[in-house]
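Next come the chains, spelled out residue by residue.
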Amino acid sequence: MAARDRGCARCGRPPSWCEIHHVVPWESGGPTSIDNCAMLCRACHRLVHHGGWDVRLRDGLPEFRPPRWIDRGRRPRSRPPRAPVRVGAPATRSPSARMFADA
């Protein structure tokens, strides 16, 4: 799941900050599988359970519908895709980090 969602599926916080959310609740018979779960940070997990947001998997990726008071049409929202991570590629540094490294 961490490989698919790469952190919170809603806001992008890192995987170490995340919990697993069951789309079909576990207590209602929802399986603990990649086809029924998404990674959410604690704040986004609370929004789904207590803030009126819905989550579903569409084409295998998490998608979120806001409550009507945010969007009357409840149009689905997804986190923008990230560039793929290349294993073994050198880490890139920000311009400011490069500037201070040269000092």
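Rules of the game
Residues numbered from 1 in each chain as written. Predicted model: local features only at pLDDT ≥ 70, side-chain atom pairs only at ≥ 80, totals over all residues. Heavy atoms only, no water. Salt bridge = Lys/Arg side-chain N within 4 Å of Asp/Glu carboxyl O. Helix = DSSP H or I, 4+ residues; strand = E, 2+ residues; numbered from the N terminus. Buried < 20%, exposed > 50% of the residue type's maximum accessible area, 1.4 Å probe, protein only. Core = buried A, V, L, I, M, F, W, Y, C linked by side-chain atoms within 4.5 Å. Contact = heavy atoms within 4.5 Å. Phe/Tyr/Trp six-rings, centres within 6.5 Å; stacked < 30°, edge-to-face > 60°. Lys NZ or Arg CZ within 6 Å of the ring centre and 35° of its normal.

(A) Spatial organisation of the pattern of salt bridges. Scanning the entire structure with this criterion turns up 8 salt bridges. Its salt-bridge partner being Arg 42, residue Glu 19 comes within 3.2 Å of it at the nearest N-O pair. One end of the pair, Glu 19, is in strand β1 (residues 18–22); the other, Arg 42, is in helix α2 (residues 42–50), and 23 residues separate them in sequence. Residue Arg 75 pairs with Asp 71 through a salt bridge whose shortest N-O separation is 3.3 Å. Owing to a relative accessible area of 57%, Arg 75 belongs among the exposed residues under this scheme.

(B) Region of the structure containing the nonpolar core. Residues Cys 8, Ala 9, Cys 18, Met 39, Leu 40, Cys 41, Cys 44, Val 48, Trp 53, Val 55 and Phe 64 constitute the largest nonpolar core, which totals 11 residues. The set of elements that each furnish at least two residues to this core consists of β2 (37–41) and α2. Counting residues per element, this core draws most heavily on β2, at 3 residues. In this structure Cys 44 touches Cys 8, Arg 10 and Cys 11, once residues within four positions along its chain are discounted.

(C) Representation of the packing of aromatic side chains. Enumeration according to the criterion identifies 0 aromatic pairs in this entry. One residue, Arg 10, lies across the ring of Trp 53, its end atom 4.4 Å from the ring centre.

(D) Layout of unusual backbone geometry. One non-glycine residue, Asp 59, lies in positive phi territory at about 55°. As for its position among the elements, Asp 59 is in the loop between β3 (54–58) and β4 (61–65). You will see that Arg 74, though not glycine, has its phi angle at about 50°, which is positive. Assignment of secondary structure puts Arg 74 in the loop between β4 and α3 (95–101).

(E) Just the environment of Trp 53, in detail. Structurally, the position occupied by Trp 53 is in the loop between α2 and β3. When the C-alpha positions of Trp 53 and Pro 66 are compared, they lie 4.7 Å apart, and in sequence the two are 13 residues distant. Excluding its chain neighbours within four sequence positions, the residues that come into contact with Trp 53 are Arg 10, Leu 47, Val 48, Phe 64, Arg 65, Pro 66, Pro 67, Ile 70 and Arg 77.

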